[in-house]
Amino acid sequence: MTDDPPFSPALLPAGFVDLLTPDARTEAEGVATLMRVFASHGYDRVRPPLMEFEETLLAGSGATLADQSFRVMDPDTRKMMVLRPDITPQIARMAATRLGAAPRPLRVSYSGACVVVMPAAAEESGRQIMQAGIELIGPDSPQADAEVMSVGAEALAQLGVPEVSFDLTMPPLVPALLEEASISPSVRPVLMRALDRKDAAAVAELGGSLSETLIALLRAAGPAEQALDQLAHISLPPRARAFSERLAATVAAVRKTAPALRLTVDPVEFRGWKYHTGVCVTVFAVGRAEELGRGGRYLSSDNEPACGLTFRPDVLFRTIPPAQPCPRVYLAPDADAQVAARLRAEGHATLAALSSTPHAAGPEQNRAEAQRLGCSHILSGATCTKLD
Ligand SMILES: N[C@@H](Cc1c[nH]c[nH+]1)C(=O)O
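Residues numbered from 1 in each chain as written. Predicted model: local features only at pLDDT ≥ 70, side-chain atom pairs only at ≥ 80, totals over all residues. Heavy atoms only, no water.

The protein chain carries the name ATP phosphoribosyltransferase regulatory subunit in an unreviewed UniProt entry, which gives Acetobacter persici as its organism. Looking at the Sequence similarities (unreviewed entry) heading of the UniProt record, one finds this comment for the protein chain: "Belongs to the class-II aminoacyl-tRNA synthetase family. HisZ subfamily." Taken from UniProt, the Pathway (unreviewed entry) comment for the protein chain reads in full: "Amino-acid biosynthesis; L-histidine biosynthesis; L-histidine from 5-phospho-alpha-D-ribose 1-diphosphate: step 1/9." (UniProt positions renumbered as here; feature names shortened; annotations may be inferred.)

Student: Explanation requested: the site of the ligand in the structure shown.
Tutor: Near the ligand lie 14 residues; those nearest to it are D86, T88, E135, H276 and T310. Side-chain polar atom of Q131 to an oxygen atom of the ligand: 3.4 Å apart, as the coordinates give it. A distance of 2.9 Å is found between an oxygen atom of the ligand and a side-chain nitrogen or oxygen belonging to R294. For the ligand, whose unbound accessible area comes to 300 Å², protein coverage reaches 97%. (Near = heavy atom within 4 Å. Polar contact = N/O pair within 3.5 Å; in protein donor to acceptor, adjacent residues only side chain to side chain. Areas by Shrake-Rupley, 256 points an atom, 1.4 Å probe, with all protein chains shown as cover.)

Student: Honestly, the sheet that holds strand β14 (residues 349–352) in this entry has me stumped. Any pointers?
Tutor: Within a beta sheet, neighbouring strands are joined by backbone hydrogen bonds and run either parallel or antiparallel to one another. Overall, mixed pairing links the 4 strands, which are arranged β14-β13-β15-β16 in an open sheet. Only two strands of the sheet have a single neighbouring strand rather than two, namely β14 and β16 (383–386). Within the sheet, the average angular offset between the axes of one strand and its neighbour, ignoring direction, is 30°. Across 4 bridges, the pairing between strand β15 (residues 377–380) and β16 is antiparallel. Bridged to I378 within β16 is T385. (Pairing = 2+ DSSP bridges. Helix = DSSP H or I, 4+ residues; strand = E, 2+ residues; numbered from the N terminus. Axes fitted to C-alpha atoms, helices over the stretch in contact; angles between N-to-C directions.)

Student: Looking at this model, I keep getting lost on the confidence of the model for the protein chain. Mind explaining?
Tutor: Any segment with low pLDDT has predicted coordinates that should not be analysed in fine detail. Averaged over every residue, the pLDDT of the protein chain is 93; residues scoring 70 or more account for 97%. Model confidence for the complex: the whole-complex pTM is 0.94, and ipTM, which rates the interface, is 0.99. (pLDDT = per-residue confidence, 0-100.)

Student: Is there a simple way to explain unusual backbone geometry in this structure?
Tutor: Leave glycine aside and you will find that most residues have negative phi; peptide bonds, for their part, are mostly trans. For the peptide bond that leads from T21 to P22, omega is 15°, which places it in the cis range. Relative to the assigned elements, P22 resides in the segment before α1 (23–40). Cis geometry marks the peptide bond from R104 to P105; its omega dihedral reads -5°. Its place among the elements puts P105 in the loop between α3 (88–96) and β5 (106–115). Unusually for a residue other than glycine, K198 sits at a positive phi of about 60°. Tracing the sequence through the fold places K198 in the loop between α6 (188–196) and α7 (200–206). Its relative accessible area of 36% is what places K198 among the partly exposed residues. A positive phi is found at N303, a non-glycine position, where the angle reads about 65°. Here N303 shows up in the loop between β11 (291–299) and β12 (305–311). Accessibility expressed as a relative area gives 56% for N303, which makes it exposed. (Buried < 20%, exposed > 50% of the residue type's maximum accessible area, 1.4 Å probe, protein only.)

Student: Looking at this structure, I do not really get the packing of aromatic side chains. What am I missing?
Tutor: Remark: the centre distance and the inter-plane angle together describe each pair of aromatic rings, the angle taken between the planes. Inspection of every chain in the model, using the stated rule, returns 1 aromatic pair. Ring centres of Y275 and Y298 lie 6.0 Å apart, and the angle between their planes is 70°; on these two criteria the pair is classed as edge-to-face. Taken together, the positions of Y275 in the loop between β9 (262–266) and β10 (280–285) and Y298 in strand β11 put the pair 23 residues apart, joining distant regions of the chain. Residue Y298 is classed as buried on the basis of its relative accessible area, which comes to 2%. Of note, K79 hangs over the ring of F53, and the distance from its end group to the ring centre comes to 4.5 Å. Directly above the ring of F317 sits R318, whose terminal nitrogen or CZ lies 5.8 Å from the centroid. (Phe/Tyr/Trp six-rings, centres within 6.5 Å; stacked < 30°, edge-to-face > 60°. Lys NZ or Arg CZ within 6 Å of the ring centre and 35° of its normal.)

Student: What's the story with the pattern of salt bridges in this structure? I'm lost.
Tutor: Should the charged atoms of two oppositely charged side chains come close, the side chains can pair. As enumerated under the stated definition, the model contains 21 salt bridges in all. Between R93 and E52 there is a salt bridge, with the nearest N and O atoms lying 2.7 Å from each other. Of the two residues, R93 is situated in helix α3 and E52 in strand β2 (residues 51–53); the sequence distance between them amounts to 41 residues. For K198, the salt bridge goes to D266, with nearest N and O atoms at 2.7 Å. (Salt bridge = Lys/Arg side-chain N within 4 Å of Asp/Glu carboxyl O.)

Student: Looking at this model, I keep getting lost on the side chain of E304. Mind explaining?
Tutor: Secondary-structure assignment places E304 in the loop between β11 and β12. Since its relative accessible area comes to 16%, E304 is described here as buried. At 2.8 Å, the side chain of E304 forms a polar contact with the side chain of R104.

Pasting the structure below:
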């Protein structure tokens, strides 16, 4: 018989972590900054719930979330519930239900925790992820796509994220092309995987009459204008052509609203959830592998056009300097309450001495205690002194 090792209270389930200061503070302040920028562009905040019925959340476009969803049984009704792995499908549901009669364009913002079964390999955040984003429901236009991207870029600039790249893709282009060229449905998924892996040899072998076109698409990736120029020279059937023109129109619209934004295009890349129906974007910090955010065009629960962008504050906070703590002031037992209140109003944190006998501790003990608690100042009576 083997003895189980003693259970450690520090042990957490795989993929779930405690976030301490300063990380937790940087993340929270980062979310607040993002939400402020979103609100300043008219994106009204909503707060969908953490859990929903499986049959609601995983219906329609939510079906693509099934593999990544933790399920829980409601002990009361015995119905299956899902912990949301993504907030966008909840907004898609709200837009078709309680917000169905709200004026369009409908602009909403949100933030909250989600839980995924398998986080992306490059991510250190684990299975509990944070999302903060915006959704723009109603218009189906390059200007709407451009708005979410430029608002997103502004939010990142406010956060102080250095050098970001917005990488644009058009996931429905290749499926439309394969369908229009009557490529056998059994070959399509293998071919799409080969394209996604950028495996030119496999694409050439599997692509049949489309090989040349697909290889040309594979090569038409890189800085936006250059990639679009290559794309424009590839002969495509009507639906695939329409998707590539829409990609070009979106880039042109983004250039108008955010001229300095670093944009790349990859017409054969597939990333993220599979509910997108048009232009998609992945946001990276230049030189880093993990995604800072993702977005794209999709249909709301009653097939209304929509697009959005979701940032990942838990990833973002690793790219910015830690949020500065407020200066800490130790309140000696005799500290003046009004002065302490004024210090808090001015942005200090005050740490009260928890002694029941106010005058028991001498000045030396107070100083030692202040230092032990990481305070830079001490308030005794109405006098605030800096510790050296
Ligand atoms: N919520 C999606 C991105 C998205 C927002 N709106 C549309 N798509 C994701 O995190 O991958």
